[in-house]
Amino acid sequence: MMNITKKIWNRLGHLRPTQTIALGFLIVILTGSLILSLPISAVNGQATNYLDALFTATTSVCVTGLTVVSTADHWSIFGQAVILLLIQIGGFGVVTIAICGMVAFHRRIGLKNRMLIQAAYGWDSMYGVMGLIRKIIIGTMFVEVIGALCYMPVLVGRDGLRGIWESVFLSISAFCNAGMDIMGNNSLVDFVGNYWVNIVTMILIILGGLGFLVWWEALRLIQERKKAKRSWRATWHKVSLHTKIVLTTTLVCLISGMVIVFLCEYHNPDTLGNMSLPQKLLASLFQSVTTRTAGFFTISQKAMGDAASLFCMLLMLIGGSPGGTAGGVKTVTVAMLFFAVTAAIKGRDETRVFHRSISDNNVKKGLSIILLSLSIWFVMTILLTIFEDGNFMSICYETMSAIGTVGLSKDFTGTLHSAGKCVIILMMYLGRIGPITMAAAFLTKGKGDDSTHLPEEKIMIG
């Protein structure tokens, strides 16, 4: 028995960082599913169907938000606490939680573990990774506590002491871009006209989706600006290319999404049609923010027209930014490819962004991530169409929501049969680890014929 255990640990020790991350997420999901299937996790005191428990554990760890049973009504306080813990693990990342455990037990953080952190967050250096982990933990807890305190006046006033638990759950879920709540079965529709709840939720979603590295650079530059008394223009020149692309692309996505939803749904009586102009603008902005992998909604997703739904699917695909809690192929990837196409149209040999050039190797990696994600979405959409009966747009919306770890649905998730649930479970898992593991894998230099240059020959394209 000792020999078998030793062999297993030796085998695990030889896993690449990307494989370790994927296996870590899988282990947490399976463990969570077993706990959620226990009678103590359900309100009625009966064991939950394992597939439903597995679906809930997957959507929690993958911070997606698609649910086949009511989070508010089906699960007991214990079950909800388990779900919240899974969401927090998914938001932090399995690697971060594991490293924190090692630090708590005074275990040495070796080179392999530092490589894991580097792979998980897309960090381009192993220097200062432990400081990064501490900042992530402290920053996350601080924002989530502030978020919960902001929700409490509204939710405690509405639901009494239970509002405290609802506030904590909602704050963590919003920051982690999980899209799950325990206030009912209609997400935040009841708060569509509540400016405070909408604004707090949007801030939490955006902060979680920006990426931890962007946070710290922004805070550092603001402090330096005060000390050096620089202008904002001079400070902007000090911002790294990564942060510039993240902030610019995020702003473009938010504004364009708001405008498209506002214009397409302005007269739709089932979404924005019966609201006042300020409420229409607020609901449109919230829809734009939440499609970037958050999963909350204040207007009916099922009632949205095809034009708005299609644009929302594009935002789902883009998602948030690297190193944050959001999913998708990431803002930086999409922006980089946009500028690569622009360079090709203009006949340039290099991709230029903000007076800097991006290597062709990065462009190839970004293109690979997008094509792989779209390929998975395409294949899984076909499978779901075979297994399930439903409107095609609803199916496409569901699968894009799953691969982008968004959590929005046109009331389709609850109708899934066993085969359909398995498809969505797989998509949520691939959506959570896919961009991370694919990007990390591409960053690993290959061996063998990389140094070999074959004869070049032109082909016809276009």
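Cut-off values and rules
- Residues numbered from 1 in each chain as written.
- Predicted model: local features only at pLDDT ≥ 70, side-chain atom pairs only at ≥ 80, totals over all residues.
- Heavy atoms only, no water.
- Helix = DSSP H or I, 4+ residues; strand = E, 2+ residues; numbered from the N terminus.
- Buried < 20%, exposed > 50% of the residue type's maximum accessible area, 1.4 Å probe, protein only.
- Contact = heavy atoms within 4.5 Å.
- Areas by Shrake-Rupley, 256 points an atom, 1.4 Å probe, with all protein chains shown as cover.
- Expected span 1.5 Å × (residues − 1).
- Polar contact = N/O pair within 3.5 Å; in protein donor to acceptor, adjacent residues only side chain to side chain.
- Phe/Tyr/Trp six-rings, centres within 6.5 Å; stacked < 30°, edge-to-face > 60°.
- Lys NZ or Arg CZ within 6 Å of the ring centre and 35° of its normal.
- Axes fitted to C-alpha atoms, helices over the stretch in contact; angles between N-to-C directions.
- Parallel < 35°, antiparallel > 145°, perpendicular 65-115°, else oblique.
- Left-handed = near helix turned anticlockwise from the far one by under 90°.
- Patch = residues over 30% accessible without salt bridge, like charges linked within 9 Å, V, L, I, M, F, W, Y side chains within 5 Å.
- Salt bridge = Lys/Arg side-chain N within 4 Å of Asp/Glu carboxyl O.
- Core = buried A, V, L, I, M, F, W, Y, C linked by side-chain atoms within 4.5 Å.
- pLDDT = per-residue confidence, 0-100.

Chemist: I tried to follow the overall build of the protein chain on my own but got confused; where do I start?
Modeler: A count of helices and strands for the protein chain gives 18 helices and two strands. Considering the protein chain as a whole, with its 462 residues, one finds that 50% of them fall into the buried category. Contacts spanning at least 24 positions in sequence make up 69% of the contacts within the protein chain whose residues lie at least 6 apart. Summing over all exposed atoms, the protein chain offers an accessible surface of approximately 22,800 Å²; the carbon and sulfur share of this is 66%.

Chemist: Would you mind going over helix α17 (residues 392-403) with me for this structure?
Modeler: Since the α-helix turns once every 3.6 residues, residues separated by three or four places project in the same direction. Along its twelve residues, α17 runs 17 Å from first to last C-alpha, staying within 8% of the 16 Å computed at 1.5 Å per residue. In terms of burial, α17 is largely enclosed, as eleven of its twelve residues are buried. Turning to α17, its buried residues number three or more, namely Met 393, Ser 394, Ile 395, Cys 396, Tyr 397, Glu 398, Thr 399, Met 400, Ser 401, Ala 402 and Ile 403. Where α17 begins, the side chain of Asn 391 points an oxygen toward the backbone nitrogen of Met 393, at a separation of 2.9 Å. At the exit of α17 stands Thr 405, carrying a positive phi of roughly 50°.

Chemist: Just to check I follow, could you spell out unusual backbone geometry for this structure?
Modeler: The general pattern is negative phi for most residues beyond glycine and trans for most peptide bonds. Positive phi, close to 60°, is recorded for Asn 177, a residue that is not glycine. Under the relative-accessibility criterion, Asn 177 is labelled buried at 1%. Residue Thr 293 is not a glycine yet carries a positive backbone phi of 90°.

Chemist: Just checking my understanding: could you explain the side chain of Thr 56 for this structure?
Modeler: Within the element layout of this structure, Thr 56 appears in helix α3 (residues 50-61). Given the relative accessible area of 2%, Thr 56 is considered buried. Ignoring sequence-local partners within four residues, the contact set of Thr 56 consists of Leu 36, Val 69, Trp 75 and Ile 83.

Chemist: What should I look at first to understand the packing of aromatic side chains in this one?
Modeler: Pairs of aromatic rings are described using the distance from one ring centre to the other and the angle between the two planes. Going through the model one piece at a time under the given rule, you end up with four aromatic pairs. Taken together, a centroid distance of 6.0 Å and an interplanar angle of 80° make the contact between Trp 165 and Phe 169 edge-to-face. Pair noted here: Trp 165 and Phe 169 are both in helix α8 (residues 162-175), with a separation of four residues, about one helical turn. Accessibility expressed as a relative area gives 22% for Trp 165, which makes it partly exposed. The class for Phe 169 is buried, based on a relative accessible area of 0%. Relative to Tyr 266, the ring of Phe 262 lies with its centre 5.2 Å away and its plane at 75°, an arrangement referred to as edge-to-face. Assessed through its relative accessible area of 17%, Phe 262 is described here as buried. Residue classification places Tyr 266 among the partly exposed positions, given a relative accessible area of 28%. Geometry around Tyr 266 places Lys 280 over its ring, the cationic atom sitting 3.5 Å from the centre.

Chemist: What is the right way to look at helix α10 (residues 212-228) in this model?
Modeler: Counted at 1.5 Å a residue, the expected span for α10 with its 17 residues is 24 Å, and the 24 Å between its end C-alpha atoms agrees. One or two positions beyond α10, positive phi appears at Lys 229, with a value near 55°.

Chemist: Teacher, can you tell me more about the packing of helix α12 (residues 241-265) against helix α13 (residues 277-290) here?
Modeler: Their axes nearest at 8 Å, the elements α12 and α13 cross at an angle of 130°. Our classification of the angle between α12 and α13 gives oblique. Between α12 and α13 lies a crossing of right-handed hand. Between α12 and α13, the contacting residues are Cys 253, Leu 254, Gly 257, Met 258, Val 261 and Phe 262 on the first element and Leu 277, Lys 280, Leu 281, Ser 284, Leu 285, Gln 287, Ser 288 and Val 289 on the second.

Chemist: Is there a simple way to think about a nonpolar patch on the surface in this case?
Modeler: Together, Phe 378, Val 379, Ile 382, Leu 383, Ile 386 and Phe 387 make up an exposed nonpolar region whose accessible area comes to about 560 Å². Position of Leu 383 among the secondary structure elements: in helix α16 (residues 360-387).

Chemist: Teacher, can you tell me more about the nonpolar core here?
Modeler: It is characteristic of soluble globular proteins that their nonpolar side chains tend to be buried jointly. By size, the foremost hydrophobic cluster in this structure holds 104 residues, and its most contacted members are Leu 36, Phe 55, Ile 87, Tyr 151 and Ile 424. Here Ile 87 is in contact with Ser 60, Val 63, Phe 169, Ile 172, Ser 173, Cys 176, Ala 178 and Met 180, once residues within four sequence places are set aside.

Chemist: What is the right way to look at the environment of Ala 340 in this model?
Modeler: Secondary-structure assignment places Ala 340 in helix α15 (residues 331-345). Take Ala 340: its relative accessible area is 15%, and that puts it in the buried class. Along the backbone, Ala 340 and Arg 352 are twelve residues apart, and their C-alpha atoms lie at a distance of 7.7 Å. When residues no more than four places from it in sequence are discounted, the contact partners of Ala 340 are Thr 351 and Val 363.

Chemist: Got a minute to help me understand the environment of Ile 87 in this structure?
Modeler: For Ile 87, the location among the structural elements is in helix α4 (residues 77-92). Residues Ile 87 and Ser 60, spaced 27 residues apart in sequence, show a C-alpha to C-alpha distance of 4.8 Å.

Chemist: In this structure, what is going on with the confidence of the model for the protein chain? I would like to understand it.
Modeler: As a note on interpretation, predicted positions should not be read in detail where pLDDT is low. Counting all residues, the mean pLDDT for the protein chain is 84, and 83% of those residues have values of 70 or more. Segment residues 445-449: pLDDT under 50, and zero contacts once partners within four positions in sequence are set aside and those in other chains are kept.

Chemist: Hey, could you run me through the side chain of Ser 409 in this one?
Modeler: Structurally, the position occupied by Ser 409 is in the loop between α17 and α18 (418-443). Look at Ser 409 and you get buried, because its relative accessible area is 12%. In this structure the side chain of Ser 409 is engaged in a polar contact, spanning 3.0 Å, whose partner is the backbone nitrogen of Phe 412. Residues within four places of Ser 409 in sequence aside, it is in contact with Leu 66, Gln 301, Tyr 397 and Glu 398.

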